[in-house]
Amino acid sequence: MHDGLKLAGAVAGLAFAVNAAAANEKAIFGTNWLAQAEHGGYYQALADGDYAACGVDLTIQQGGPQVAGRPLLLAGKIDFYMGGNMQQAFDAVAQGIPLRVVAAHFQKEPQVMMSHPGEGLDTWEELKNADQYIIGDEGAQSFLLWMASEYGFDVGKRVPYTFNPAPFIANKKSIQQGYATSEPFAVEKEGGFKPNVFLLADYGYSTYSTTVEAMQDTIDKRPEVVQCFVDASAKGWYKYLYGDNKAANDLIKKDNPDITDEQIAFTIEQLKKYGIVDSGDTEKMGIGAMTDARMKDFYDKMVKAKVEPEGIDISKAYTLQFVNKGVGLDLKK
């Protein structure tokens, strides 16, 4: 009898475990590029079971050069999408698309301008004197217009950036765009020198970046899934930056075998150095924090630079419902 009771208890326990697993709602998070350390917090939360712990069976679907992620979100093929910065969310409102940013995991856009040291381009104010600005099409239609309206850069000096640092390395009087976590590393490897690096965010380019976008329908019908994703991701980012991140890096390398340990280490160092994930408002409100004041500040700058039209109701571009709760602050070591 005793053994029978034990067996019945075990069967009941097994049934409970199966039901608990089945109860975890499936969700897909689409990233906007190949797996890399810039996505480390999400992979950390996945590796540590943080999504599963609050009821979500999460799949990270990596992006890349051939993947258009936002249309997948609009079509309901993925539940969350990694946005670039707030411009796309403002544009969605202008187009009547019911999409909202539910968290911002980068407090600072990692966008930088680089220059050669000792060539009279050693301060932000001097950069506009460069012979040419090597900037891609997207940048030419966004942050370059802001640099022109705010600091007097000459848009006529812009030449296209082809994601190859060779022209910048060859021309000492040029400046080039990049990501703090990526291009300075490539220039140092290929050019044999450390470029001057100027983070646009530190000069007033106040957008959030690496945002999490969700459709309004998901927010309305599955708020607990959104909250779980936002909370678990915040915890993942704290652990990735300040704890043992080996498990996350192993998952990143599995998804993207081309990435090196050296690149991952450089990225983490830059994320910390510039306070890209954790600075300012996050110190009290937690990673992922957003404020109305920051949103308005960036939108006003984009209107002034004629990047965005006036009259967008930017309150429809984001919601503060899921952030600013201090989740994960206890994990910061």
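Residues A248, N249 and I252 constitute the buried set of helix 12 (residues 246-255). Seen from one end, helix 12 has its buried residues packed into an arc of 95°, which puts them on one side. Turned more than 90 degrees off the buried face of helix 12, the exposed positions are K246 and K254. Looking at the buried side of helix 12, the elements it contacts are helix 2 (40-47), helix 11 (223-242) and helix 13 (261-273).

Next up on the list: the pairing of strand 8 (residues 174-179). Counting buried positions over the 6 residues of strand 8 gives 5, a clear majority of the element. Of the strand pairs in this sheet, strand 5 (residues 111-115) and strand 8 are connected by 5 bridges, and their pairing is antiparallel. When the sheet's bridge partners are listed, V112 is paired in strand 8 with G178. Bridge count between strand 6 (residues 132-134) and strand 8: 3 bridges; the pairing is parallel.

Further remarks concern the sheet that holds strand 4 (residues 99-106). Overall, mixed pairing links the 5 strands, which are arranged 2-1-3-10-4 in an open sheet. Looking at which strands have only one partner, the edges of the open sheet turn out to be strand 2 (56-61) and strand 4. For this sheet the average axis-to-axis angle between neighbouring strands, irrespective of direction, equals 30°. Where strand 1 (residues 25-30) and strand 2 come together, 6 bridges link them in parallel fashion.

So, about the environment of P98. As for its placement among the helices and strands, P98 is situated in the loop between helix 5 (86-94) and strand 4. A relative accessible area of 49% places P98 in the partly exposed class. Ignoring sequence-local partners within four residues, the contact set of P98 consists of A214, M215 and Q216.

Turning to the state of the cysteines, a few remarks are in order. In this structure the tally under the stated criterion is 1 disulfide. Sulfur-sulfur distance for the disulfide between C54 and C228 comes to 1.9 Å. Here the S-S torsion is close to 75°, and the disulfide linking C54 with C228 is therefore right-handed. Linking C54 in the loop between helix 3 (50-53) and strand 2 with C228 in helix 11, this pair joins segments that are 174 residues apart in sequence. We classify C54 as partly exposed; its relative accessible area is 38%.

Turning our eyes to something else, we now look at the packing of aromatic side chains. What characterises a pair of aromatic rings is the spacing of the ring centres plus the angle enclosed by the ring planes. One pass over the structure, following the stated rule, counts 25 aromatic pairs. Where Y51 meets F229, the ring centres are 5.4 Å apart and the plane angle is 10°; that geometry is what we call stacked. Of this pair, Y51 sits in helix 3 while F229 sits in helix 11, and the two are 178 residues apart along the sequence. For the residue pair Y51 and F229, the accessibility class agrees, reading buried in each case. Taken together, the ring pairs connect F90, W124, Y133, F143, W146, Y151, F153, F198, Y203, Y205, F298 and Y299 into an aromatic cluster.

Conventions used here
- Residues numbered from 1 in each chain as written.
- Predicted model: local features only at pLDDT ≥ 70, side-chain atom pairs only at ≥ 80, totals over all residues.
- Heavy atoms only, no water.
- Buried < 20%, exposed > 50% of the residue type's maximum accessible area, 1.4 Å probe, protein only.
- Helix = DSSP H or I, 4+ residues; strand = E, 2+ residues; numbered from the N terminus.
- Arc of directions from axis to C-beta.
- Contact = heavy atoms within 4.5 Å.
- Pairing = 2+ DSSP bridges.
- Axes fitted to C-alpha atoms, helices over the stretch in contact; angles between N-to-C directions.
- Disulfide = S-S within 2.5 Å.
- Phe/Tyr/Trp six-rings, centres within 6.5 Å; stacked < 30°, edge-to-face > 60°.

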